[in-house]
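Reading the structure
Listed here are the chains, written in short residue letters.
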Amino acid sequence: MLATVDAQDIAQRLMGDTLPSNIIMLGACWQRGLVPVSEAALMRAIELNGVAIEANKTAFALGRLAIAAPDAIQRLAGEVNVVKFFNFDQLDGPDGLIERRAQFLTDYQDAAYAQRYRALVDRVRSAETVLG
């Protein structure tokens with residue numbers, strides 16, 4: 001399952017600045033099991049860095065919360081779309097996946113960006129057809 005986290009929005013809404021967004025993403029990735037380092041080691045690294053220690057620990061915790069309890073982070077942020085989960089098993093094959101991604105790109109930026117994505121996919125499909 002894919003989870004997207006709008007770390008900049010969470011950071012801005014809950015911390016007043018987008019600077020901690022990378023640490024929020026680190027926390028989200030750690031919570032998903034994608035960072036092969038212990039939480040204690042990460043906390044120690046934040047302390048050793050010596051910069052914005054408490055803010056960085058808070059950002060890490062917010063990232064974890066965004067994955068562990070997205071409803072809670074959404075209530076805290078006052079926004080319902082800061083965390084989205086996608087179950088690709090429920091998609092309708094490759095075309096469903098393409099449409100889901102195009103919708104994400106439209107939401108992320110605009111319809112023109114999604115159209116660029118669709119055009120790229122069409123070129124790749126054409127090239128694969130030629131190759132057999």
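What comes next is a walk through the structure. (Residues numbered from 1 in each chain as written. Predicted model: local features only at pLDDT ≥ 70, side-chain atom pairs only at ≥ 80, totals over all residues. Heavy atoms only, no water.)

**Notes on the nonpolar core**
- Counting residues in each nonpolar core, the largest one holds 12 residues, listed as A3, V5, A7, I10, A11, I24, A28, A59, L62, A66, I67 and I73.
- Listing elements by their share of this core, those giving two or more residues are β1 (2-5), α1 (7-15), α2 (21-31) and α4 (53-68).
- Per element, the largest residue contribution to this core is four residues, and it comes from α4. (Core = buried A, V, L, I, M, F, W, Y, C linked by side-chain atoms within 4.5 Å. Buried < 20%, exposed > 50% of the residue type's maximum accessible area, 1.4 Å probe, protein only. Helix = DSSP H or I, 4+ residues; strand = E, 2+ residues; numbered from the N terminus.)

**Some details on the pattern of salt bridges**
- Counted under the stated rule, the structure contains seven salt bridges.
- As a salt-bridge pair, D9 and R13 come within 2.9 Å of each other at their nearest N and O atoms. Of the two residues, D9 and R13 are both situated in helix α1; the distance of four residues between them amounts to about one turn of the helix.
- Accessibility expressed as a relative area gives 40% for R13, which makes it partly exposed. (Salt bridge = Lys/Arg side-chain N within 4 Å of Asp/Glu carboxyl O.)

**Quick word on the packing of helix α6 (residues 93-108) against helix α7 (residues 111-131)**
- One way to put it is that α6 packs onto α7 with a least axis distance of 7 Å and a crossing angle of 150 degrees. Taken together, the axes of α6 and α7 lie roughly antiparallel to each other. Pair α6 / α7 crosses with right-handed handedness. Across from P94, D95, I98, E99, R101, A102, L105, T106 and Y108 in α6, the residues of α7 making contact are A111, Y113, A114, Y117, R118, V121 and R125.
- Class assignment for the residues of the contact of α6 with α7 results in 10 nonpolar, one polar and five charged. (Axes fitted to C-alpha atoms, helices over the stretch in contact; angles between N-to-C directions. Parallel < 35°, antiparallel > 145°, perpendicular 65-115°, else oblique. Left-handed = near helix turned anticlockwise from the far one by under 90°. Contact = heavy atoms within 4.5 Å. Nonpolar A, V, L, I, M, F, W, Y, C, P; charged D, E, K, R; others polar.)

**Structural notes on the packing of α1 against helix α5 (residues 70-77)**
- In contact at an axis separation of 9 Å, α1 and α5 are set at 50 degrees when each is read in the N-to-C sense. As far as their axial angle goes, α5 and α1 are oblique. Residue-level contacts link I10, R13 and L14 of α1 to I73, L76 and A77 of α5.
- Considering only residue class, the contact of α1 with α5 consists of five nonpolar, no polar and one charged.

Honestly, it's all geometry; don't read function into it.
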